[in-house]
Amino acid sequence: MKTDKSSKHFTRRQFLDRSSRLAAAAMAAPALLPQHGSAAEKPAPKKMIGLQIGAVSFVDEGIEQTLDILQSKGAVNTIFLTTFTYGRGLAGRQIPGQPFPDHGSQESDEKAFHGGNYAMPHPEFYQNTVLKQTRAPEHGDLDIVKEVLPAARKRGMKLFCSIEDVFRSDVPGVKEIAEVDLQGRRTGTLCLFHPDVRGFWTGLVTDLCKSYDVDGILFFNERNGPLLNAVGASHSQSIASSRVTCFCEHHQKAAKDRGIDFARAREGYTKLDQFVQAALKGQRPSDGYFVEWWRLLVEHPEIIAWDRLFDVGKHQVLAEVNAAVKSVRRDLQVGFHIEHVNSFNPIFRATRRYDDLATKADFLKVVVYNNCGGERYAHFMDNIGSTVFRDVPKDELKRFNDHLLNYAEEKSLSELATAGLSPDYIFRETQRALAGAQGKCRILPGIDIGIPVGKNSRKASPDDTYAATAAALKAGAHGVIFSRKYSEMRLANLEAAGRAVREFKG
Ligand SMILES: [Zn+2]
């Protein structure tokens, strides 16, 4: 809650000084920056054209200067301002080891980055949680929402606070409310059934919506249940079947209320762990990997029930966040980020209904990142092809999975990472989301602009970014959200995305 005055942290005064220096520089060298009002030459697009951005970009590049660029190059009319996270996907400069884009500081903030709440937390909203000290320290006493909001308003731009369920273990209180894994160990992730965790999320969004005249909240939670985690069913995780969660007292109680047998669930996950560890060593069960896996699920239906319990906890928090925001003001909007695994994994897809999510949100930000999508899809195939589907050659498995997912034009497994996924993938995933939501909420595909990838994997080009944005709009999306954060986007790519928005006729 308090800021460290004795440190070399950036203060609000320094921030304002730097902003006015940047403004003076812009006036002295007008050709270097886009002009005020250049976006006004064309009518503002009716669709929501959002962009995700963290506090550091405004600190490094100035508020007015940055908003100028977003409007003039990207045709952006909505700011998704990273307000709470301890993660580097949404906050901070370019992640270490990746090339900096052609704007902002070119110096790594690896050491300075901490994360937390970049607005000013008001203690009265955190009475029902042990998480009372979450204020991000790296920009001193700067309250980024307070500073950016009036500048955005002046331009007719909307502003949403983005909040993300990513913590670090040294945050006071985290250890007490963390999940418990299969072996009974505390982990670094928070239990979504814990009353203090639920109290934190509702307290945070109430604080942000009451303390600032924002347009609403975009909530990020990319966490998976234990079944998917055990078999490596996402693109990003390592397979850690002995560390699956959550088996804490609150989960045990929630299970009991639903008639799920805790001991049987734990036994099921212990056997699943043995299956996965043997599969990773290539120790083929006599009936084959898939049959053995399916048999585990048939003999221990508690495995699926416990995985479902995770989703219940996650979606309960979404519903509570939505209700808390609406209780501040009915017209405030709530959106949920729908993670990339929803694109790749048919088992995950089966656990989500767009029309059900639509009952808890005004809009869904559906991830359709296509450049990094190639690398991520390949990684997912590698994970799932090392356990449950280990009997199937991976390139055949990938083709089979393409059919399940209704992908038509994607490259072979060996070419996926370098080729990325196609605009057709974006078109199809957008249409699937629109059909699933049945008009009950808006669909805003998340467009990949420079999301970091491996050295030889597909990087965004202006043509790709134009095609991706155009595909989402052509599919009927209610808008787009440029992702993941401005501090990793090259300006030529942002400009191409803006051109697709301006040239879209629909
Ligand atoms: Zn728990």
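What you see is a predicted model; the values in this text were computed from it and never measured.

Calculation rules
- By convention here, each chain's residues receive numbers from 1 onward along its written sequence.
- Per-residue local features are limited, in this predicted model, to residues with pLDDT of at least 70; the limit for side-chain atom pairs, both in listing and counting, is 80 or more; totals at the level of whole chains, interfaces and linings are taken over all residues.
- Hydrogens and waters are ignored; side-chain quantities use all the structure's heavy atoms.
- A helix here means a DSSP run of H or I that spans at least four residues, while a strand means a run of E at least two residues long, and both kinds are numbered starting from the N terminus.
- Two N or O atoms form a polar contact when they lie within 3.5 Å of each other; inside protein one atom must be a possible hydrogen donor and the other a possible acceptor, and for residues adjacent in sequence the pair counts only when both atoms belong to side chains.
- In what follows, residue pairs with any heavy atoms lying within 4.5 Å of each other are defined as contacts.
- Throughout, disulfides are identified as pairs of cysteine sulfur atoms within 2.5 Å of each other.
- Classification of residues uses two cut-offs on accessible area relative to the type maximum, computed with a 1.4 Å probe and protein chains only: under 20% is buried, over 50% is exposed, and between them is partly exposed.
- Side-chain atoms within 4.5 Å are what join buried Ala, Val, Leu, Ile, Met, Phe, Trp, Tyr and Cys residues into a set we call a nonpolar core.
- A 2.8 Å cut-off from the metal defines N, O and S donors, relaxed to 3.2 Å for Na, K and Ca; water is not in the atom list, so some sites may appear incomplete.
- Irregular is the label for any site that misses the other tests, which are tetrahedral for four donors with all angles between 85 and 135 degrees, and square planar for four donors or octahedral for six when opposite donors exceed 155 degrees and the remaining angles lie between 65 and 115.
- Inter-axis angles, ranging from 0 to 180 degrees, are taken between N-to-C directions of lines fitted to C-alpha atoms, where helices are fitted over the stretch in contact.
- Note on terminology: angles under 35 degrees are roughly parallel, angles over 145 are roughly antiparallel, angles of 65 to 115 are roughly perpendicular, and the others are oblique.
- Handedness of a crossing is defined here by the sense of rotation of the near helix relative to the far one, left-handed for an anticlockwise turn of less than a right angle and right-handed for a clockwise turn.
- Residue polarity follows a fixed list, in which Ala, Val, Leu, Ile, Met, Phe, Trp, Tyr, Cys and Pro are nonpolar, Asp, Glu, Lys and Arg are charged, and the others, Gly among them, are polar.
- Any two rings among Phe, Tyr and Trp, with Trp reduced to its six-membered ring, count as a pair given centres within 6.5 Å; such a pair is stacked if its planes are under 30 degrees apart, edge-to-face if over 60, and tilted if neither.

**Re the side chain of Thr-351**
Summarising the element assignment, Thr-351 is placed in the loop between helix 12 (346-350) and helix 13 (354-357). A polar contact is formed between the side chain of Thr-351 and the backbone oxygen of Phe-348, at a distance of 2.6 Å. Those residues in contact with Thr-351, other than ones at most four positions away along the chain, are Arg-308 and Asp-311.

**So, the state of the cysteines**
Tallied over the entire structure, the rule returns zero disulfides. Here Cys-441 stays unpaired: no disulfide links it, and the sulfur of Cys-209, its closest cysteine neighbor, is 18 Å away. Residue classification places Cys-441 among the buried residues on the basis of a relative accessible area of 6%.

**A word on the nonpolar core**
Soluble globular proteins: nonpolar side chains tend toward being buried together. Counting 136 residues, the largest nonpolar core has Trp-201, Leu-272, Leu-364 and Phe-482 as its most contacted members. It is helix 10 (residues 302-328) that provides the largest number of residues to this core, a total of nine residues. Core analysis: the next-biggest nonpolar cluster, separate from the first, contains nine residues, Met-48, Phe-80, Leu-90 and Leu-218 among them.

**Overview of the coordination of the zinc ion**
Looking at the zinc ion, one finds its protein donor set to be Cys-191 (SG), Cys-246 (SG), Cys-248 (SG) and His-251 (ND1), positioned 2.2 to 2.3 Å from the metal centre. Of note is the zinc ion, whose four donor atoms meet at the metal with angles of 97 to 124° in an arrangement that counts as tetrahedral. Sequence spacing of the donor residues for the zinc ion, all on one chain, is C-x54-C-x1-C-x2-H. Of the two residues, Cys-191 is situated in the loop between strand 6 (186-190) and helix 5 (195-211) and Cys-248 in the loop between helix 6 (226-231) and helix 7 (249-257); the sequence distance between them amounts to 57 residues. By relative accessible area, which is 0% here, Cys-191 ends up buried. Residue classification places Cys-248 among the buried residues on the basis of a relative accessible area of 5%.

**Here we look at the packing of helix 5 against helix 10**
Closest axis-to-axis distance for the helix 5/helix 10 pair is 9 Å, and the angle between their directions is 30°. Here helix 10 runs roughly parallel to helix 5, going by the angle between their axes. In this structure, the crossing between helix 5 and helix 10 has a hand that is right-handed. Of the residues in helix 10, those touching helix 5 at Arg-198, Trp-201, Thr-202, Val-205, Thr-206, Cys-209 and Lys-210 are Gln-316, Val-317, Glu-320, Val-321, Ala-324, Val-325 and Val-328. Residue composition of the contact of helix 5 with helix 10, grouped by class: eight nonpolar, three polar and three charged.

**Let's talk about the packing of aromatic side chains**
For the structure shown, the criterion picks out 25 aromatic pairs. Both rings, one in Phe-160 and one in Phe-363, keep their centres 5.5 Å apart while their planes meet at 90°; by these two values the pair is edge-to-face. Of the two residues, Phe-160 is situated in strand 4 (residues 158-164) and Phe-363 in strand 9 (residues 363-367); the sequence distance between them amounts to 203 residues. Look at Phe-363 and you get buried, because its relative accessible area is 0%. For the ring pair Phe-167 and Phe-200, a centre distance of 5.9 Å and an interplane angle of 70° mean the geometry is edge-to-face. Note that Phe-167 is positioned in the loop between strand 4 and strand 5 (178-180) and Phe-200 in helix 5, a separation of 33 residues in sequence. Take Phe-167 and Phe-200: they sit in the same class, and that class is buried. Of the aromatic side chains, those joined through ring pairs into one cluster are Phe-84, Tyr-86, Tyr-126, Phe-167, Phe-200, Trp-201 and Phe-219.

Read these as spatial facts, not as claims about activity.
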